[in-house]
Amino acid sequence: MSGSLTLLKEKHIRYIESLDTKKHNFEYWLTEHLRLNGIYWGLTALCVLDSPETFVKEEVISFVLSCWDDKYGAFAPFPRHDAHLLTTLSAVQILATYDALDVLGKDRKVRLISFIRGNQLEDGSFQGDRFGEVDTRFVYTALSALSILGELTSEVVDPAVDFVLKCYNFDGGFGLCPNAESHAAQAFTCLGALAIANKLDMLSDDQLEEIGWWLCERQLPEGGLNGRPSKLPDVCYSWWVLSSLAIIGRLDWINYEKLTEFILKCQDEKKGGISDRPENEVDVFHTVFGVAGLSLMGYDNLVPIDPIYCMPKSVTSKFKKYPYK
Amino acid sequence: MRDEKIYSIEALKKTSELLKKNPEFNAIWNYRRDIIASLASELEIPFWDKELVFVMMLLKDYPKVYWIWNHRLWVLKHYPTSSPKVWQTELAVVNKLLEQDARNYHGWHYRRIVVGNIESITNKSLDKEEFEYTTIKINNNISNYSAWHQRVQIISRMFQKGEVGNQKEYIRTEISYIINAMFTDAEDQSVWFYIKWFIKNDIVCKTLDEQEYLKMLKDLRENILLINNDEIEFSGKQNIWCLKILLVLEDILEEKEALTERSSEQYLVQLIDADPLRKNRYLHLLEQHK
Ligand SMILES: [Zn+2]
């Protein structure tokens, strides 16, 4: 059975396409708060599957612009919702993927940058919005968005890097803030932030060994990866763990074959899409991280994805590298 | 209503209804906070208590939704009096939550925030109590990595703040606790990650003198070898975590020039076979050991 598993590309493309048409039900309202993120996940999955034209570019761009929150000067997940760093990054990623950052115009771009910078706190961390939640996820979000816009500055980067390094733990993992338990998603956000800031050299060789060790111990006998010790495997960790390993140059410290098999087992063979674990309900979040993980492992000529930005390499190769000349 | 900037009790009730249906709707939480903030001067303590009850009710159904935890913290931050009592209640809340889900990531994060607040209001350290709490949690389930993690944080802090009377004694007790845990469940990686930290960290290295430190490492090695031999006898297989930590021990002993016989290469070759998922890491280490 396992030998015959293959990636059902066409089904996944149709699944992602279908998400956009289910517009008028209660379930759809329930996920409004994730809509812009959802479009980024869908578009990125389509790019990896080499089918970006499945979404109508003009429609997507005009939806992104309709999510602009003029009061706070950044992007909300849905029209008339509130701006947040997470959704702002999604908006910037979508526009960059379409090579359409110009549609922001000078005015919006200036406000956007000041929204992001304005959420940085004194210790270098970022809050997600004005209500003060701090998490290394937001450091990554802020640095990634500014980097895509080509607007990083040492005033922002240096304290952010200090903060990220404080989230490094004794076990080789990273937590959501200093003293918090290591979590694979935080490894990605912290290493990603350091990579964007071009500051991976702040980690010693010993630390890199420890980080690689903690990460590769996420693989379980069934092949899937978990996010923390003694937890269940989950397809999204294929991304958080693999991208982290890729960033520190140790991608092959886990077993590709077993992980590939685990991801492929999480496919819905009828309607397409990938779930967190075999037999569970699929969603676009696990679909993108499943195919992105496969792409990192070089599976079946998938379009190469950038482990730092989680966007196609063909897009990220055009970003200005920090520090700017 | 939000767009018209209506900040009334009536509007607040509306947000309750919406949030019960969809607690992930962040914009509604934001609106709710704006309403509360604008009415704050008229709101008495019972209102704030009721708000905490409302949040609790949602948390019971959705313990993993970030936005609800955020809102709870926001409410507590704006609670009109800063008596320890309200935070003590939070500690009871988080105790209960961690009883139901002993690994809840937000739960432990929240616990650290709550304890920090109680400490700063009462100006009294809770390190001893929190240390005991991790012991209870680990004794309940030795694979509770969140509790082991917390134990590292607290021990580090206690030594840093000079809260430990007899430091050497403390370390000896901890070592026997670890060895005990190791024998209880040698398969689980939680205790091994803890051991890896324990034998390499500054607190232990600086508290013990060179002789004591080396003796501790050698004792530990004996015990690990014992566990591994038991395992070989019992199942015919090596215990992979025993091998992984033996490697760490040998590296330290070698650095201290206290290693008589080196087995690292052999361990690595065995690991390639016994832990094939991580084969490439062992090949990499073999390369380094040459
Ligand atoms: Zn997941």
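Residues numbered from 1 in each chain as written. Chains lettered and ligands numbered in written order. Predicted model: local features only at pLDDT ≥ 70, side-chain atom pairs only at ≥ 80, totals over all residues. Heavy atoms only, no water.

1. Section: the overall build of chain B
Within chain B, the secondary structure is distributed over 15 helices and zero strands. Against the globule reference of 19 Å for 290 residues, chain B gives a C-alpha radius of gyration of 25 Å, more extended than a compact globule. Along the longest, intermediate and shortest principal axes, the C-alpha atoms of chain B span 75 × 45 × 35 Å. When the 290 residues of chain B are sorted by exposure, 53% land in the buried category. A separation of at least 24 residues holds for 60% of the contacts in chain B among residues at least 6 apart in sequence. In the structure as shown, chain B presents an accessible area of about 14100 Å², 52% of it carried by carbon and sulfur atoms. (Helix = DSSP H or I, 4+ residues; strand = E, 2+ residues; numbered from the N terminus. Rg over C-alpha atoms; globule rule 2.2 N^0.38 Å. Buried < 20%, exposed > 50% of the residue type's maximum accessible area, 1.4 Å probe, protein only. Contact = heavy atoms within 4.5 Å. Areas by Shrake-Rupley, 256 points an atom, 1.4 Å probe, with all protein chains shown as cover.)

2. So, the UniProt feature "binding site: Zn(2+)" in chain A
All names here are of chain A. Under the UniProt annotation, "binding site: Zn(2+)" lies at Asp234, Cys236 and His286. For this annotated set, covering 53 residues, all C-alpha atoms fall within 8.6 Å of each other, a compact arrangement in space. If you trace the backbone, Asp234 turns up in the loop between helix H10 (205-216) and helix H11 (236-247). Judged by relative accessible area, Asp234 falls into the buried class, the value being 12%. (UniProt positions renumbered as here; feature names shortened; annotations may be inferred.)

3. Details of the coordination of the zinc ion
Residues and elements named next belong to chain A. Taken together, the protein donors to the zinc ion comprise Asp234 (OD), Asp234 (OD), Cys236 (SG) and His286 (NE2), at separations of 2.2 to 2.4 Å. With four donor atoms in place around the zinc ion and angles of 57 to 118° between them, the coordination shape is irregular. The sequence pattern formed by the donor residues of the zinc ion is D-x1-C-x49-H. Taken together, the positions of Cys236 in helix H11 and His286 in helix H13 (residues 284-296) put the pair 50 residues apart, joining distant regions of the chain. For His286, a relative accessible area of 8% puts it in the buried group. (Donors = N, O, S within 2.8 Å, 3.2 Å for Na, K, Ca; no water. Tetrahedral: all angles 85-135°; square planar, octahedral: opposite > 155°, others 65-115°.)

4. Here's the deal with the packing of aromatic side chains
Summed over all chains, the structure comprises 29 aromatic pairs over all chains. Measuring from centroid to centroid gives 6.3 Å for Trp29(B) and Phe54(B), while their planes differ by 55°, and the two rings are tilted. Here the residue Trp29(B) occupies a position in helix H2 (residues 26-39), and Phe54(B) occupies one in helix H3 (residues 45-61), the gap between them amounting to 25 residues. With a centroid separation of 4.7 Å and 45° between ring planes, the pair formed by Trp148(B) and Tyr194(B) is classed as tilted. Of the two residues, Trp148(B) is situated in helix H8 (residues 145-160) and Tyr194(B) in helix H10 (residues 189-200); the sequence distance between them amounts to 46 residues. On the basis of relative accessible area, Trp148(B) is assigned to the buried category, the value being 0%. Taken together, the ring pairs in this structure connect Trp41(A), Tyr140(A), Phe188(A), Trp239(A), Trp240(A), Phe285(A) and Phe289(A) into an aromatic cluster. In this arrangement the basic side chain of Arg137(A) is found over the ring face of Tyr66(B), its NZ or CZ atom lying 4.3 Å from the centre. The positively charged end of Lys244(B) is found above the aromatic ring belonging to Trp241(B), 4.3 Å away from the centroid. (Phe/Tyr/Trp six-rings, centres within 6.5 Å; stacked < 30°, edge-to-face > 60°. Lys NZ or Arg CZ within 6 Å of the ring centre and 35° of its normal.)

5. Topic: the UniProt feature "repeat: PFTB" in chain A
Under the local residue numbering, the UniProt record ascribes the feature "repeat: PFTB" to residues 9-50, 57-99, 109-150, 157-198, 208-249 and 256-298 of chain A. Secondary structure content for residues 57-99 of chain A is 53% helix and 9% strand, while the C-alpha to C-alpha distance between its ends is 11 Å.

6. Here we look at the interface of chain B and chain A
Across the boundary between the two partners, chain B contributes 46 residues, which contact 45 residues of chain A. Here chain B meets chain A over a buried area of about 4300 Å², counting both sides, of which 53% is carbon and sulfur. Three residues, Tyr105(B), Leu277(B) and Arg281(B), lead the burial of chain B against chain A; their summed loss comes to 18% of the area buried on that side. In this structure, the connection of chain B to chain A is made through five salt bridges. Close ionic contact of Glu217(A) with Lys244(B) constitutes a salt bridge, the shortest N to O distance being 2.6 Å. In this assembly, chain B and chain A are joined by 24 residue pairs in polar contact (both at pLDDT 80 or more). Those elements giving two or more residues to the side of chain B that touches chain A turn out to be helix H1 (9-21), H2, helix H4 (66-78), helix H6 (105-122), H8, H10, helix H13 (240-255) and helix H15 (279-289) of chain B. Its residues placed into classes, the side of chain B that touches chain A shows 18 nonpolar, 14 polar and 14 charged. (Buried area = accessible area lost by both parts, 1.4 Å probe. Salt bridge = Lys/Arg side-chain N within 4 Å of Asp/Glu carboxyl O. Polar contact = N/O pair within 3.5 Å; in protein donor to acceptor, adjacent residues only side chain to side chain. Nonpolar A, V, L, I, M, F, W, Y, C, P; charged D, E, K, R; others polar.)

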